[in-house]
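# Inside the fold
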Amino acid sequence: MQQAAALNASSGSRSKFRPGDPIFAALSRASGIFVLLLLGSLILSLFVGGIPAFRHFGLGFLFSTTWDPVKEIFGAGVSIYGTVMTAVLSMILAVPLAFGIAFYLTELAPAWLKRPVGIAVELLAAVPSIIYGMWGFFVIVPLMSQYVEPTLIDLFDGVPVLEDLFAGPPFGTGIFTAALILTVMVVPFIAATMRDVFETVPPVFKESAYGLGCTTWEVMRSIVAPYTRTSVIGGIMLGFGRALGETMAVTFVIGNSAHISASLFSSGNTIASIVALEFPESPAGSLKLSSLLALGFILFVISFIVLAISRTLLRPKLKV
Amino acid sequence: MSATTSSASSIPGPAKDLRVSRALGKRRHRINFVVKTLCVLATMLGMVLLGSILLTLIWRGAAGLSLTVFTNVTKPPGSGGGLLNAIVGTLIQTVIGTAIGTPIGLLVGTYLAEYGHSSPLANAVRFVSDVLLSAPSILIGLFVYQFAVEPFGGFSGAAGCIALAIIVIPIVVRTTEDMLRLITPSLREAAIGLGAPKWKVIVLICYRAAMDGIVTGVLLAIARIAGETAPLLFTSLGNLNWSVSLGQPMASLPVAIYQYAGSAFDDWVQLAWVGALLITFGVLAINIAARLLLRRGK
């Protein structure tokens, strides 16, 4: 009787006193909440830091194209234009390229080539962005100023609209070159995502189309593409998000000037590049620093929206 | 037998008219050929770009590769400086950044896979982690500047480590969650059946089973932060002198490359190329190691 009670007590105490489980659960839950707070405070700190600039310049800050550190007049217009322009241009170039690579990797490549080419694409995505910047500055910029830009300027001379887009002295740096470097950087990202998405198509669908006599391209166009459309757009948005926030590579090649010009060969800046360049000359507490933080906040809002869309489109396909 | 073959002609469609079908077929196959060729060209272009980057690095970087790069600290132009402080700074910040970020990321990944599942909180955490994964890294630098540099009155290696740790977290979260979800239920059930508490099942069984995948995630995170420049510009700043103090500005390879590549001195530009060569091949080697590890696990 006593023995049984003791046994009961001991087993009872054992099942009651197990701090490991609740502690571990609380710890992992707390880390989850910590990540939430981390992003929350990131947004908040950028916003709070930007308040003086927002208050000083009002809503006009978003559209003003003046960036004059001497007179302390700052506007985000040029940088927002540069950010969106370079990112959109790079998407126009990157999407067909990435699609080609993904199509090659899923349908065309012989089995022995699939792995090495796939790894090469992933390595291209892993190269640090500063390396792209150096490579762009020392390899691409001279090529652009000597061959590509003069050729394009001559080619479109006299053609309306295009004449204005491809005009000006061929320095080699500028919006167009920045977009090219961004293209090289985001192609591997988009291609890798597209490949993963394409591989989610059930083989039976493709096999039945092949069985009906479809060519590879027809299978791609009428089976794989419709099946994966939303996720492919999600992958493109992911690349777009990367292109918007890229700093080092762009800083090297965009030419850095606070002007908007119709020509794609003119220099400009992006939010990320102006923050990287002007930050060292912005003392703590100055209006300039606040303007840079406000720019950071704007960049965060833009990329947050893009990433949120991308994730909503991608998640159902790539995740169980 | 002959009935089945002859019945092919009864299939409706353009196949009945041989000329039409041949013409259609030709057109279709021509389009197919053109698209295929374009795709092969796109892939070749990608390979050429990778080759161009690597060859440029080797060609320009190898010329300046010498022992002094690893033994001397950065010096004024023309006096034979090296990259020792930058290399050591990158190692210190990468190691500490990984050491801070990995446990947090591991716990968050565990929460998502083992506790949260698809509860509202878990979904929010997953979403935020994904956003953090792709958020512009320069903003993380600005954020850390706001709370770890300005209040403490100066740039410091510690701030750089924090910025890098924030980048590590979402990468580890993603791989940890994915890997924990791949573990077969029977493994867990066996451990629970033996009376093990849940945390022991996770730590002793699941972590061990998912080890290869988790280590892959950590390696990828290391490869990512070792090459990061933007978040360090406003946190650890870079340092031309020898310093291993976390309270002082600390040099790092990417920041040194950034400073030197834009300089007007030939020997500094040369050093930037050497640094670029070192960091790229280091990062790519870690990447390949991570992939090999994951393949071994599969």
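All figures in this text were calculated on a predicted structure; none of them were measured in a lab.

### Looking at the interface of chain B and chain A
Taken together, the contacts link 85 residues of chain B with 79 residues of chain A. Buried area between chain B and chain A, both sides added, is near 7200 Å², and the carbon and sulfur share of it is 77%. At the junction of chain B and chain A, the tally comes to 3 salt bridges. The residue B:Asp130 makes a salt bridge to A:Arg311 at a minimum N-O spacing of 2.8 Å. Per-element tally for the side of chain B that touches chain A: the top contributor is helix 2 (residues 18–62) of chain B, with 20 residues. Taken together, the residues that form the side of chain B that touches chain A break down as 55 nonpolar, 16 polar and 14 charged.

### Some remarks on the domain arrangement of chain B
It is common to give the size of an interface as the accessible area that goes away when the parts come together. Residues and elements named next belong to chain B. With domains assigned, chain B is organised as domain 1 (13–62) and domain 2 (67–297). Relative to domain 2, the C-alpha centre of domain 1 lies at a distance of 38 Å. Contacts between the two partners involve 7 residues from domain 1, matched on the other side by 8 residues from domain 2. It is Leu57, Arg60 and Gly61 in domain 1 that bury the most area against domain 2; as a group they hold 68% of the surface buried on that side. At the junction of domain 1 with domain 2, the criterion picks out 0 salt bridges. One can count 1 residue pair in polar contact (both at pLDDT 80 or more) joining domain 1 with domain 2. Split by residue class, the side of domain 1 that touches domain 2 holds 4 nonpolar, 2 polar and 1 charged.

### Digging into the pattern of salt bridges
Under the definition given, this model contains 12 salt bridges over all chains. Residue A:Arg195 pairs with A:Glu122 through a salt bridge whose shortest N-O separation is 2.8 Å. One end of the pair, A:Arg195, is in helix 7 (residues 175–198); the other, A:Glu122, is in helix 4 (residues 111–126), and 73 residues separate them in sequence. Across this residue pair, the class does not change: A:Arg195 and A:Glu122 are buried. The network of salt bridges with common partners includes A:Glu122, A:Arg195, A:Asp196 and B:Arg291.

What counts, and at which threshold
- Residues numbered from 1 in each chain as written.
- Chains lettered and ligands numbered in written order.
- Predicted model: local features only at pLDDT ≥ 70, side-chain atom pairs only at ≥ 80, totals over all residues.
- Heavy atoms only, no water.
- Contact = heavy atoms within 4.5 Å.
- Buried area = accessible area lost by both parts, 1.4 Å probe.
- Salt bridge = Lys/Arg side-chain N within 4 Å of Asp/Glu carboxyl O.
- Helix = DSSP H or I, 4+ residues; strand = E, 2+ residues; numbered from the N terminus.
- Nonpolar A, V, L, I, M, F, W, Y, C, P; charged D, E, K, R; others polar.
- Domains from an automatic or database assignment.
- Polar contact = N/O pair within 3.5 Å; in protein donor to acceptor, adjacent residues only side chain to side chain.
- Buried < 20%, exposed > 50% of the residue type's maximum accessible area, 1.4 Å probe, protein only.

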